[in-house]
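Listed below, chain by chain, are the residues.
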Amino acid sequence: MVTRPIERLRELGYELPAAPPPMASYVPTRLVPVGGGRSLLYVAGQVPIQDGQLLTGRVPNEVSVEQARDAARVCALNILAQIEAAAGLDNVEQFAQLMGFVLSADEFGDQPTVINGASDLLVEVLGDAGRHSRVALGTNALPRGVTVEIAAVVVVRT
């Protein structure tokens, strides 16, 4: 028997947060029909907001790699919340791509390990439907000093 995504989240010890509102002038999701009862759902960059607090700091100078992985998991939870609000998690056919950005010191090059925090959670929750292509980049600045920002493209049934 297949476990529903929200039930699987609970089994893993997570609660789906409310979908965060946009932090500026944009929409958090855009649903683009592609035919055959399917659409591409573009999820705007999600930042790590947990219990109303932004998780901030540069890796590895101010935040450890493990703390940054935790922040990436929070971003993934917020992506899942946006999907639930826009199309329903039960309608996810497959994750197509994640685009992850890590606030990094110049010498830091382990961004893929940080973004694995999000990637691993998506596979744990959605199984093969959570597997995706990905980019994991380091950057010298992110909005409001957040540690991680992650955007996604998802194929959903409509």
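As shown above, the structure is provided for reference.
All of these numbers come straight from a predicted model, not from anything done at the bench.

Remarks on the pattern of salt bridges
So, step 1. Under the criterion given, the structure shown has 9 salt bridges.
So, step 2. Put simply, R8 and E11 hold a salt bridge, and the shortest N to O gap is 3.2 Å. Taken as a pair, R8 and E11 lie in helix α1 (residues 5-11) at a separation of 3 residues, close to a single helical turn.
So, step 3. A salt bridge links R69 to D120; the nearest nitrogen and oxygen atoms lie 3.7 Å apart. On the criterion of sequence distance, the pair formed by R69 in helix α2 (residues 65-86) and D120 in helix α3 (residues 111-126) is long-range, its members being 51 residues apart.
So, step 4. Judged by relative accessible area, which is 17%, R69 ranks as buried.

Looking at the side chain of Q111
So, step 1. The topology assignment puts Q111 in helix α3.
So, step 2. When near neighbours in sequence (up to four residues on either side) are disregarded, Q111 contacts V102, S104, A136, L137 and G138.

Notes on the nonpolar core
So, step 1. Counting 35 residues, the largest nonpolar core has L80, I83, F95 and I150 as its most contacted members.
So, step 2. Examining the composition of this core, we find that 9 residues originate from one element, α2, more than from any other.
So, step 3. Here I150 is in contact with A44, G45, Q46, A72, C75, I79, L98, M99, G100, I115 and A118, once residues within four sequence places are set aside.

Overview of a nonpolar patch on the surface
So, step 1. Residues V32, V34 and Y42 make up a contiguous nonpolar surface patch of about 240 Å² in total accessible area.
So, step 2. Within the secondary structure, V34 sits in strand β1 (residues 29-35).

Details of the packing of α2 against α3
So, step 1. With their axes 7 Å apart at the nearest point, α2 and α3 run at an angle of 45° to one another. Looking at the two axes, α2 sits oblique to α3. In this structure, the crossing between α2 and α3 has a hand that is right-handed. Contact with α2, carried on its side by V65, A68, R69, A72, R73, A76, L77 and L80, involves T113, V114, I115, N116, G117, A118, D120, L121, L122, V125 and L126 of α3 and no other residues of that element.
So, step 2. Its residues placed into classes, the contact of α2 with α3 shows 13 nonpolar, 3 polar and 3 charged.

Looking at the pairing of strand β5 (residues 92-103)
So, step 1. Bridge count for β5 against strand β7 (residues 148-157) is 9 bridges, and the pairing is antiparallel. Across the sheet, the residue bridging to V92 is V156, located in β7.
So, step 2. For the segment spanning β5, α3 and strand β6 (residues 133-139), crossover handedness is right-handed.

Brief notes about unusual backbone geometry
So, step 1. In the segment running from V59 into P60, the intervening peptide bond is cis, with an omega of -5°.
So, step 2. Along the polypeptide, P60 turns up in the loop between β4 (53-54) and α2.
So, step 3. Backbone geometry places D51, a non-glycine residue, at a positive phi of 55°.
So, step 4. With a relative accessible area of 77%, D51 lands in the exposed category.

Definitions and limits used
Residues numbered from 1 in each chain as written. Predicted model: local features only at pLDDT ≥ 70, side-chain atom pairs only at ≥ 80, totals over all residues. Heavy atoms only, no water. Salt bridge = Lys/Arg side-chain N within 4 Å of Asp/Glu carboxyl O. Helix = DSSP H or I, 4+ residues; strand = E, 2+ residues; numbered from the N terminus. Buried < 20%, exposed > 50% of the residue type's maximum accessible area, 1.4 Å probe, protein only. Contact = heavy atoms within 4.5 Å. Core = buried A, V, L, I, M, F, W, Y, C linked by side-chain atoms within 4.5 Å. Patch = residues over 30% accessible without salt bridge, like charges linked within 9 Å, V, L, I, M, F, W, Y side chains within 5 Å. Areas by Shrake-Rupley, 256 points an atom, 1.4 Å probe, with all protein chains shown as cover. Axes fitted to C-alpha atoms, helices over the stretch in contact; angles between N-to-C directions. Parallel < 35°, antiparallel > 145°, perpendicular 65-115°, else oblique. Left-handed = near helix turned anticlockwise from the far one by under 90°. Nonpolar A, V, L, I, M, F, W, Y, C, P; charged D, E, K, R; others polar. Pairing = 2+ DSSP bridges. Right-handed = clockwise from strand over helix to strand, strands pointing away.

Taken by themselves, the reported measurements are silent on function.
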